[in-house]
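Listed below, chain by chain, are the residues.
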Amino acid sequence: QVQLVESGGGLVQAGGSLRLSCAASGRTFSNYGMAWFRQAPGKEREFVAAISYSGGTTYYADSVKGRFTISRDNAKNTLYLQLTSLKSEDTAVYYCAAPSHPVYDRGRTYARNYDYWGQGTQVTVAS
């Protein structure tokens, strides 16, 4: 069992930065890769970024590549997402997610492949 709690969201001006955190607790910190997703009002949940267990491999949606950075600190049981050069289009609730089974290749981008989710943290970018 894995419990996830996001924090760090808030209101920021366009071009600004935020750092989101996802603290894991429970039986284990995920020993698989993890991911961030986001969901804007009236839209489907969207893949943002994924990271391998060791942190050595990352994968980003084209819409955030070069602006966001995903990282993890397994010793602290924490997943991070650094958001920079924020745009109004980035406004959404951001969720961290962990699977209970291996996820491969393009499967990393599908929400249905993740079993554990945080409650979400709101990011609002003002233009």
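What this report covers is the structure whose coordinates are included nearby. (Residues numbered from 1 in each chain as written. Predicted model: local features only at pLDDT ≥ 70, side-chain atom pairs only at ≥ 80, totals over all residues. Heavy atoms only, no water.)

1. Remarks on the overall build of the protein
Piece 1. Helix and strand counts for the protein come out as 0 helices and 11 strands.
Piece 2. When the helices and strands of the protein are read in sequence order from the N terminus, they spell out β-β-β-β-β-β-β-β-β-β-β.
Piece 3. A globule of 127 residues ought to have a C-alpha radius of gyration of about 14 Å, and the protein, at 13 Å, matches this closely.
Piece 4. Overall size of the protein, expressed as C-alpha extent along the three principal axes, is 40 × 30 × 25 Å.
Piece 5. Within the protein, the fraction of its 127 residues that count as buried is 42%.
Piece 6. Contacts spanning at least 24 positions in sequence make up 56% of the contacts within the protein whose residues lie at least 6 apart. (Helix = DSSP H or I, 4+ residues; strand = E, 2+ residues; numbered from the N terminus. Rg over C-alpha atoms; globule rule 2.2 N^0.38 Å. Buried < 20%, exposed > 50% of the residue type's maximum accessible area, 1.4 Å probe, protein only. Contact = heavy atoms within 4.5 Å.)

2. Examining the pairing of strand β11 (residues 121-126)
Piece 1. In β11, alternate side chains face the same way, and those of Thr121, Val123 and Val125 are buried while those of Gln122, Thr124 and Ala126 on the opposite face are not.
Piece 2. Sheet analysis places strand β9 (residues 92-98) next to β11, joined by 3 bridges and oriented antiparallel. Opposite Ala92, over in β11, you have Val123 as the bridge partner. (Pairing = 2+ DSSP bridges.)

3. A few points about the environment of Trp36
Piece 1. You can see Trp36 is positioned in strand β4 (residues 34-39).
Piece 2. Sequence separation between Trp36 and Gln119 is 83 residues; the distance between their C-alpha atoms is 12 Å.

4. Considerations on the environment of Arg112
Piece 1. With respect to the helices, strands and loops of the structure, Arg112 is situated in the loop between β9 and β10 (116-117).
Piece 2. Note on Arg112: relative accessible area 68%, which makes it exposed.

5. Considering the packing of aromatic side chains
Piece 1. According to the stated counting rule, one finds 6 aromatic pairs in the structure shown.
Piece 2. Look at Phe47 and Tyr59: their rings are 5.7 Å apart centre to centre, the planes differ by 40°, and that puts the pair in the tilted class. Separated by 12 residues along the polypeptide, Phe47 in strand β5 (residues 46-51) and Tyr59 in strand β6 (residues 58-60) bring together distant segments of the chain.
Piece 3. A relative accessible area of 9% means that Phe47 is categorised as buried.
Piece 4. A relative accessible area of 28% means that Tyr59 is categorised as partly exposed.
Piece 5. Taking NZ or CZ as reference, Arg19 lies 4.1 Å from the ring centre of Tyr80, over its face.
Piece 6. The lysine or arginine in question, Arg45, covers the ring of Tyr95, its NZ or CZ lying 5.2 Å from the ring centre. (Phe/Tyr/Trp six-rings, centres within 6.5 Å; stacked < 30°, edge-to-face > 60°. Lys NZ or Arg CZ within 6 Å of the ring centre and 35° of its normal.)

Function cannot be read off these values alone, since they describe shape.
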